[in-house]
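# Reading the structure
The residues making up each chain are set out below.
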Amino acid sequence: MIRTPGPGRAYAEEILLPVRPGYVALTLFMAFILNLLPLSGVSLALRPDLVALVLLYWGIEHPRQVGFLPAFGFGLAVDVADGSLFGQHALAYSGLMFAAIAVHRRVPLFSARDQVLHVFGILLATQMIVLLVRQAAGNEFPGWWYFLASVTGAILWPAVRRLLRMPLRPRVREEEI
Amino acid sequence: MEHTAPPFFKRGPSLFARLSFFSLLSLVLLYSDARFHYMEQMRRAIAVVLHPLQRLADFPGEVGERVSDFFVTQSSLRRENERLRHENFVNSGLLQTQQALLAENEHLRALLQMRARIERGSLAAEILYSARDPFVRKVVLDKGSSAGVRQGAAVIDSKGLIGQVHRVFPWASEVSLITDRDQAIPVQIVRNGLRAVVFGLGYDGALELRFMPLNADIHNGDLLVTSGIDGTYPPGLPVATVANIEHNAAYPFARITCTPASGVGSHRQALVLGKGEALPDRPPPAEAPKLRKTKPARAQ
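Residues numbered from 1 in each chain as written. Chains lettered and ligands numbered in written order. Predicted model: local features only at pLDDT ≥ 70, side-chain atom pairs only at ≥ 80, totals over all residues.

### Observations concerning the overall build of chain B
Each helix and strand in chain B was counted, giving 3 helices and 12 strands. Looking at chain B as a whole, 27% of its 300 residues qualify as buried. Taking the intrachain contacts of chain B between residues at least 6 apart in sequence as the baseline, contacts between residues at least 24 apart amount to 56%. (Helix = DSSP H or I, 4+ residues; strand = E, 2+ residues; numbered from the N terminus. Buried ≥ 20, exposed ≤ 12 C-beta atoms within 10 Å, placed from the backbone. Contact = placed C-beta atoms within 7 Å.)

This is the structure we're talking about:
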């Protein structure tokens, strides 16, 4: 594929090492454990959904490595851990994976900073799915702070992206230089 | 690159087909969970697998707590000790009068040939975390069915009723707080014995006393305790105090909001009460009048 460097393209064509499925699984697993941290109050309202972020990263960068099945499975696990309706996050993450794969050719053309807007939109849509499910089940709107998680998630995106890429950078040996 | 495969390579079903499949699957799961509660077995199985992960995630917090416990100063310990001793003194005084009252009550019940009250066992548990879903009011306790927690048991803290055990897993259990949406608790006003049903509203710090007529004898600051007529909650547990009464002639009922008595956010210990006396069997359906679940107990 020929990529024309866009105006905001900050990243040089960095060729990353091939991704092993084990690494993808490991990162998803770590994100899930971080999601389980016992938070409450303001920190809970600000907590980004890290599983959604990591799924989104792999969906955009390597859509063949993750598919709908991991998104669905982790969604069910999140539902059980949170004690919420069985399937609400599975539905939301399926939608997220659809959006990620649908834009996976477009988003990498932007710099990490410009990708934030795409990510924010997708995270917001994911939360909207959960909100709609809960409204259908008869719950009240919890308040606008509910969407703060999308904001913090989008802000964290460049950091998460860099962190996930770090082990994939090719190691250059000293003597080769 | 790997995603530029020419179309003649097999790539599986289209993106939209996959989305539809998984969306339909999750909608089926959602519907069967919300309407019929079919998913409890599967939920339990997943919860068992997740339990060690949850413990792993709790670990840093526990270590931090232990470290801060270790560096607690002597003066604060002494202050706490003094406070506890004072509380103990006051409580033991109350306990002595209660012992006498209990004996008297038993005696009177024997005289009246009423059934003796069954002693409920209780189980101390620790609140692991509160549910992260903003739509539910739940906490997770560190004791489950292996410790004898049963579904439907009442959970209290030192100030009053917290909620009811909703789901039991082998090593943990979910407690629906009294503020959870449509959590209904039969209560009684201490001042005049008026019975009512208090409902959770789905957000913190507020309960609603529904279906009370405009002229009901309720004042601000009235204490509501469980009436015990449902057989789930033992009688006499503090539930809430009346905070605000709104009389609007346009509605048949007064709008009464209450504040919960227990402090769910403030401490980590809770007491799970055991099963109480068994209810008598339901009368045969042909004779029984049709009762709706949400129908309140009528005021006398």
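Let's pick the thread back up.
### Regarding the interface of chain B and chain A
If you look at the interface, chain B gives 39 residues, while chain A gives 35 residues. The dominant element in the side of chain B that touches chain A, judged by the number of residues it contributes, is helix α1 (residues 15–36) of chain B, at 11 residues.

### Topic: the domain arrangement of chain B
Taken domain by domain, chain B consists of domain 1 (15–69) and domain 2 (184–265). Inter-centroid distance (C-alpha atoms) of domain 1 of chain B to domain 2 of chain B is 34 Å. (Domains from an automatic or database assignment.)

### Here we look at the packing of helix α4 (residues 68–82) of chain A against helix α5 (residues 88–102) of chain A
Residues and elements named next belong to chain A. Put simply, α4 and α5 touch, their axes get as near as 7 Å, and they point 150° apart. Comparing their axes, α5 and α4 come out roughly antiparallel. Once α4 is placed against α5, the crossing between them reads as right-handed. Residues Phe 68, Ala 71, Phe 72, Phe 74, Gly 75, Leu 76, Val 78 and Asp 79 of α4 form the contact with α5, whose own contacting residues are Gln 88, His 89, Ala 90, Ala 92, Tyr 93, Ser 94, Leu 96 and Met 97. Residues of the contact of α4 with α5, tallied by class, amount to 11 nonpolar, 4 polar and 1 charged. (Axes fitted to C-alpha atoms, helices over the stretch in contact; angles between N-to-C directions. Parallel < 35°, antiparallel > 145°, perpendicular 65-115°, else oblique. Left-handed = near helix turned anticlockwise from the far one by under 90°. Nonpolar A, V, L, I, M, F, W, Y, C, P; charged D, E, K, R; others polar.)

### Looking at helix α3 (residues 50–61) of chain A
Residue and element names in this part refer to chain A. Compared with an ideal rise of 1.5 Å per residue, which puts 12 residues at 16 Å, α3 spans 16 Å between its outermost C-alpha atoms and is within 8% of the ideal. Along α3, 12 of the 12 residues are buried, which leaves the element largely enclosed by surrounding structure. Among the residues making up α3, those that are buried are Leu 50, Val 51, Ala 52, Leu 53, Val 54, Leu 55, Leu 56, Tyr 57, Trp 58, Gly 59, Ile 60 and Glu 61. Buried residues in α3 make contact with α1 (21–35), α4, α5, α6 (112–136) and α7 (148–165). (Expected span 1.5 Å × (residues − 1).)

### Digging into α4(A)
Residue and element names in this part refer to chain A. The first and last C-alpha atoms of α4 sit 21 Å apart over 15 residues, in line with the 21 Å expected at 1.5 Å per residue. Here α4 lies mainly inside the structure; 13 of its 15 residues are buried. A positive backbone phi angle near 70° is found at Gly 83, which sits one or two residues after α4.

### Comments concerning the pairing of strand β8 (residues 207–213) of chain B
Residues and elements named next belong to chain B. Pairing between strand β7 (residues 195–200) and β8: 3 bridges, direction antiparallel. Counted as the bridge partner of Val 198 is Leu 209 from β8. Here 5 bridges tie β8 to strand β11 (residues 253–260), and the two strands are oriented antiparallel to one another. Of the residues in β11, the one forming a bridge with Met 212 is Ala 254. (Pairing = 2+ DSSP bridges.)

### Some points on unusual backbone geometry
Residue and element names in this part refer to chain B. Although it is not a glycine, His 37 adopts a positive phi angle of roughly 55°. Looking at where His 37 falls in the secondary structure, it is placed in the loop between α1 and α2 (40–70). Despite not being glycine, Phe 211 has its phi angle at roughly 60°, a positive value. Residue position: Phe 211 is located in strand β8. When the 19 C-beta atoms within 10 Å are taken as the criterion, Phe 211 is described as partly exposed.

### Re the sheet that holds strand β3 (residues 154–156) of chain B
Residues and elements named next belong to chain B. Taken in spatial order, the 6 strands line up as β1-β2-β5-β4-β3-β12 and close into a barrel, and their pairing is antiparallel. Direction aside, neighbouring strands of the sheet carry axes that sit 45° apart on average. Sheet topology places β3 next to strand β12 (residues 269–273); 2 bridges connect them, and they run antiparallel. From the neighbouring strand, Val 155 faces β12, where its bridge partner is Val 272.

### Quick look at the environment of B:Gly202
Mapped onto the elements of the fold, B:Gly202 is located in the loop between β7 and β8. According to the C-beta neighbour criterion, B:Gly202 is partly exposed, with 19 such atoms within 10 Å. B:Gly202 sits 25 residues away from B:Leu177 along the chain, and the two C-alpha atoms are 9.3 Å apart. Here B:Gly202 is in contact with A:Asn139, A:Glu140, B:Arg137, B:Asp180 and B:Arg181, once residues within four sequence places are set aside.

### Description of the environment of A:Arg106
All names here are of chain A. Inspection of the secondary structure puts Arg 106 in the loop between α5 and α6. Judged by C-beta crowding, with 11 C-beta atoms within 10 Å, Arg 106 ranks as exposed. In sequence terms Arg 106 and His 118 are 12 residues apart; their C-alpha atoms lie 9.8 Å from each other.

### Concerning the nonpolar core
The biggest cluster of nonpolar side chains holds 97 residues, and the ones touching the most others in it are A:Val54, A:Leu55, A:Leu56, A:Tyr93, A:Leu96, B:Val198 and B:Val239. Two domains each put at least three residues into this core: domain 1 (15–69) and domain 2 (184–265) of chain B. Not counting chain neighbours up to four residues away, the residues in contact with A:Leu56 comprise A:Leu96, A:Ala100, A:Val119 and A:Ile122. (Core = buried A, V, L, I, M, F, W, Y, C linked by C-beta atoms within 7 Å.)

### A closer look at the confidence of the model for chain A
Averaged over chain A, the pLDDT score is 87; the fraction of residues at 70 or greater is 90%. Ranking the helices and strands of chain A by mean pLDDT puts α5(A) first, with 95, and helix α2 (residues 42–46) of chain A last, with 83. (pLDDT = per-residue confidence, 0-100.)

### Points about the environment of A:Gly73
When you line up the elements, A:Gly73 lands in helix α4. Residues A:Gly73 and A:Ala90 lie 17 residues apart in sequence; the distance between their C-alpha atoms is 6.9 Å.

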